[in-house]
Amino acid sequence: MRLLVLGGTEFVGRAVVEAALGRGWDVTVFHRGRHAPVTGVRSLHGDRTAPDGLTALEEAANGAEGTWDAVVDTWSAAPSVVRDSARLLRGHAGRYVYVSSCSVYAWAPPVGYTEDAPLVAGASADAGQTDYARDKLGGELAATGSFGADRSLLVRSGLILGPYENIGRLPWWLNRIARGGPVLAPGPRELPLQYVDVRDLAEWVLDAVEGELSGPYNLMSEPGHTTMGGLLDACSQVTGGAAELRWTDPEVILGAGIEPWTQLPVWVPPDSELHAALHGGDVSRAIGAGLRCRAVEETVGDTWSWLQRIGGIAPQRPDRPVVGLDPEVEAKLLGGDGGVPSTTP
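This is a predicted model, so every value here is computed, not measured. (Residues numbered from 1 in each chain as written. Predicted model: local features only at pLDDT ≥ 70, side-chain atom pairs only at ≥ 80, totals over all residues. Heavy atoms only, no water.)

What to know about the overall build of the protein chain
The helix and strand tally for the protein chain stands at 12 helices and 15 strands. Against the globule reference of 20 Å for 345 residues, the protein chain gives a C-alpha radius of gyration of 21 Å, in line with a compact fold. Projecting the C-alpha coordinates of the protein chain onto the three principal axes gives extents of approximately 65 × 40 × 35 Å. Counting all 345 residues of the protein chain, 54% fall into the buried class. Taking contacts inside the protein chain between residues at least 6 apart in sequence as the whole, the part at least 24 apart equals 77%. Taken as a whole, the protein chain presents about 14000 Å² of accessible surface, with 49% of it coming from carbon and sulfur. Within the protein chain, one finds 28 positive and 43 negative side-chain charges whose respective centroids are separated by 4 Å. (Helix = DSSP H or I, 4+ residues; strand = E, 2+ residues; numbered from the N terminus. Rg over C-alpha atoms; globule rule 2.2 N^0.38 Å. Buried < 20%, exposed > 50% of the residue type's maximum accessible area, 1.4 Å probe, protein only. Contact = heavy atoms within 4.5 Å. Areas by Shrake-Rupley, 256 points an atom, 1.4 Å probe, with all protein chains shown as cover. Lys, Arg positive; Asp, Glu negative; His and termini not counted. Charge placed at Lys NZ, Arg CZ, Asp CG, Glu CD.)

So, in structure tokens, the structure goes:
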């Protein structure tokens, strides 16, 4: 198989590249040159947002080896960028895989929402950058506009964790727990989580390319694949167990003005619109198409090993806010000496 990855040097794109190389595929990456590509790929340079930024890709497409079985695109800004790439490649690739997001669903999606749930309004394949949900849906429209519904695969991912993460969610928890001491653990312990390991996403995408799948798929684990307790216990185990998790009621956390998801990554309060949207999607279609999700202990352990190899500081996407809780805010809520005013069991 011949694969073209637009990007391919960070997080999701990099995981797809490594998985494809592991299968013996021929892989080309088209990127801006800000990060070193994985060894073993053909590397093309260009900035998709710049005038004539697709020149190198166009030259490759028109060359002797300018056809690919599939294109994988993870773009998350202006949909017009996806439009231009898809138009260029529609006669040179068999399938366009666009890594989208469950954010494309109209707010607030109910628990158990499927791929048929209503979508956000106002998205366009021709738009510049607006907001994340409309940008991602616009990217979907751009892909299907050039490749058609039968040759477009729309990977509507949820929370993505694992090695190479450049958003900072799991790296923040690992580094915070590694520092030890009392840790504000947002309850309840049994709060069900839904996510996908980036490597499981990558393997599913390649299987889908081989199987010539098309259309939208919610792509994350089944709800409750692990819990907040399972995630933080795994972090504690791999980092040495020096931290003391202090499980704290959601009402106490919210009452202190602490923001779910951003200040306490991954966590959102139970029985909320946020929890339904971020941890309550129906994934039966992806499971039926072969999605398999590894245990949380493996995801956490491999992410910690990667963090240690790169010196403990995860890369940070410049277009995403820094996540995590200020130590002073945490200490204040824990009562200064680690005491918790109200805890969940």
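A short note on the pairing of strand β11 (residues 215-219)
Of all 5 residues in β11, 4 are buried; the element is thus mostly enclosed. As paired strands, strand β6 (residues 152-157) and β11 are joined by 5 bridges and run parallel to one another. Paired with R156 across the strands is N218, a residue of β11. (Pairing = 2+ DSSP bridges.)

Quick word on the pattern of salt bridges
Applying the stated criterion across every chain, the model contains 19 salt bridges. Note that D197 and R294 form a salt bridge whose closest N and O atoms lie 3.8 Å from each other. Highlighted residues: D197 in strand β10 (residues 196-197) and R294 in the loop between α10 (284-288) and α11 (296-309), separated in sequence by 97 residues. The buried category is assigned to D197, whose relative accessible area is 2%. Here R294 ties to D200 by a salt bridge, and the two come within 2.8 Å at their closest N and O atoms. (Salt bridge = Lys/Arg side-chain N within 4 Å of Asp/Glu carboxyl O.)

A short note on the packing of aromatic side chains
All told, the structure shown has 5 aromatic pairs when counted by the stated rule. Ring plane angle 50° and centroid distance 5.1 Å describe the contact between Y96 and F147, whose orientation is recorded as tilted. Residue Y96 is located in strand β5 (residues 96-101), and its partner F147 is located in helix α4 (residues 132-147); the two are separated by 51 residues in the primary sequence. Exposure class is identical for Y96 and F147. Each is buried. If you follow R14 out to its NZ or CZ, it ends over the ring of Y164, 5.0 Å from the centre. (Phe/Tyr/Trp six-rings, centres within 6.5 Å; stacked < 30°, edge-to-face > 60°. Lys NZ or Arg CZ within 6 Å of the ring centre and 35° of its normal.)

Observations regarding the side chain of H31
Tracing the sequence through the fold places H31 in strand β2 (residues 26-31). If we skip the residues at most four places from it in the chain, H31 touches G7, T9, P37, S43, L44, H45 and G46.

Remarks on the nonpolar core
Counting 44 residues, the largest nonpolar core has L3 and W204 as the members making the most contacts within it. The biggest single contributor to this core is helix α6 (residues 198-210), with 8 residues. (Core = buried A, V, L, I, M, F, W, Y, C linked by side-chain atoms within 4.5 Å.)

Concerning unusual backbone geometry
The omega torsion of the bond from W107 to A108 falls at -5°, within 30 degrees of zero and hence cis. As for its position among the elements, A108 is in the loop between β5 and α4. The omega torsion of the bond from G187 to P188 falls at 0°, within 30 degrees of zero and hence cis. Within the chain, W261 stands out as a residue other than glycine whose phi angle is a positive 75°. Taking relative accessible area as the criterion, W261 reaches 18% and is therefore assigned buried. A positive phi angle, near 55°, is found at D271, a position not held by glycine. Along the polypeptide, D271 turns up in the loop between β15 (264-265) and α9 (273-279).

Worth remembering: the numbers are spatial, not functional.
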